[in-house]
Amino acid sequence: MLNKKLVLELAKKHDSFYLYDEKVIVENTERLKHDFKHVDFLYSIKTNSHPLVVKSVLLQGFGVDAASVAEVMLGKQNGVAKKKIQYSAPGKTKKDIEQTIDVSTIIADSLNEIMLIQQVAQEKNMVADIGIRINPNFSFYGEDAIPSKFGIDEQLLFEVIPQLKQLKNMKVVGLHIHLRSQELNASVLEKYYSNMVILAENFQKAIGQPLTFLNMGSGIGIPFSAEDTPLDTVYLGAATAKMMSQFRLRFPNLNVYIETGRYVVGKSGFYVTKVLDKKVSCGKTFLILKNTLNGFIRPSLAQLVMSYTEQKKPFASEPLFTCANPFELIALSDAAETEEVTLVGNLCTAADVVAKDIVLPKLQCQDVIVFTNAGSYAAVLSPMQFSSQEQPAQIFLSCKQGVINIDDAE
Ligand SMILES: *Cc1c(COP(=O)(O)O)cnc(C)c1O
């Protein structure tokens, strides 16, 4: 939970900052490891690449879901084994492949990429074990194949199996599918996993050699708004174990991976900002806050999306937009009186609106406001270069060492 005393103490030095609580990270990784006994987890670094956050998650035994060369290298620097650094992203260049082929398991995203990997492996005189990302003939909600920029269409992949087997410098040892994020219904994920296992079995039969991994991607969601019900990981973990026990004989050496970023770190982060100014304009009270859109973009994006629609629940567009109020807003004030305010940022644009006409305790300049759910897609998504503002600090609350400010640590 939020340590208000610590936040107020840190706010004396910083006008805006992220606070990542390692205790929450450890609780989440422990829960996943406990509930999913026969699965290995990969941390999706793109969610939050703060070096202490990454290190903390990897120390819990997680591998890496890398979306770039730099994320592959972060995994390597933290001592993660090659098979547990899975590099999956569209549009990899030859250079990307050259730099990562020795230290990661590359997941090919297209037929062109398969040929690039073959070429690089041949030049290096090696045989690369690779995975293939598939755009399957199923979805989360029962539709057939949907056009996608990710992966190779299932039907096409099965058609090219004879050609794949001709390639001398690469061997397909695994499959990867990732279709969606932020699913809270365990039955939907259960169905998705079972579709995936069937597909893997068919593929293994068709290619005639055993797979060593099945990367089931993500989908594991967290409650963002007050109305969300947490995902039942106990149910899903048990259902997954049961499914795998049925298939175990046919997949003797299979490692099953689930990727997640938000589940592990989303709730570990708090974004703290301060009231810089307060004014009344034409009867409306504005609080001007430090580094909102440019420090933590998701609240402003939620306002923007909601301002264009009458719908209560517009489609999500992860990871930019999840829902109307994807966080809790906590004003650290003892004021007994309340007032209606509009929260905006200190940028020279009117687009940095954080909340409109909400009732809060009566705040003054220098008072502190905290946003929850700021551990995932927060610092990494926010346009911090815009208008050359001082950037928010990122502070890590270590279980063993207490407060570490990464700027001081460097
Ligand atoms: C971004 C991404 C994830 C992270 O998923 P979350 O649901 O946001 O935790 C997992 N896998 C892949 C392939 C991704 O691109």
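Everything numeric in this text was worked out from a predicted model, so none of it was measured.

## Details of the site of the ligand
Inference 1: With respect to spatial proximity, 13 residues lie near the ligand, and among them K46, S181, E259, G261 and Y377 are the closest.
Inference 2: Here an oxygen atom of the ligand sits 2.7 Å away from a polar atom, N or O, in the side chain of K46.
Inference 3: Between the ligand and S218, the relevant distance is 3.0 Å, taken from an oxygen atom to a side-chain nitrogen or oxygen of the residue.
Inference 4: Surface burial for the ligand is 92%, taken as the share of its 380 Å² of free accessible area covered by protein chains.

## Looking at unusual backbone geometry
Inference 1: P319 follows E318 through a cis peptide bond whose omega is 0 degrees.
Inference 2: A positive phi angle, close to 60 degrees, is found at Q182, a residue other than glycine.
Inference 3: With respect to the helices and strands, Q182 occurs in the loop between β8 (170–176) and α9 (186–207).

## Remarks on the packing of helix α2 (residues 22–35) against helix α10 (residues 233–247)
Inference 1: The N-to-C vectors of α2 and α10 enclose an angle of 40 degrees; their axes lie 8 Å apart at closest approach. For the pair α2 and α10, contact is made by R31, L32 and D35 and by T233, V234, G237 and A238, respectively.
Inference 2: Among the residues forming the contact of α2 with α10, the class breakdown is three nonpolar, two polar and two charged.

## Concerning the nonpolar core
Inference 1: Counting residues in each nonpolar core, the largest one holds 102 residues, and the members touching the most others are Y18, Y43, I101, I132, Y193, I220 and L343.
Inference 2: For this core, the element with the most residues is α9, which contributes 11 residues.
Inference 3: When neighbours within four sequence positions are excluded, Y193 is seen to be in contact with M216, I220, L236, T240, M243 and I258.
Inference 4: Counting residues in each nonpolar core, the second largest holds 16 residues, with V7, F17, I330 and V368 among its members.

Quick notes on the rules
- Residues numbered from 1 in each chain as written.
- Predicted model: local features only at pLDDT ≥ 70, side-chain atom pairs only at ≥ 80, totals over all residues.
- Heavy atoms only, no water.
- Near = heavy atom within 4 Å.
- Polar contact = N/O pair within 3.5 Å; in protein donor to acceptor, adjacent residues only side chain to side chain.
- Areas by Shrake-Rupley, 256 points an atom, 1.4 Å probe, with all protein chains shown as cover.
- Helix = DSSP H or I, 4+ residues; strand = E, 2+ residues; numbered from the N terminus.
- Axes fitted to C-alpha atoms, helices over the stretch in contact; angles between N-to-C directions.
- Contact = heavy atoms within 4.5 Å.
- Nonpolar A, V, L, I, M, F, W, Y, C, P; charged D, E, K, R; others polar.
- Core = buried A, V, L, I, M, F, W, Y, C linked by side-chain atoms within 4.5 Å.
- Buried < 20%, exposed > 50% of the residue type's maximum accessible area, 1.4 Å probe, protein only.

Everything listed is a geometric property; what it means functionally is a separate question.
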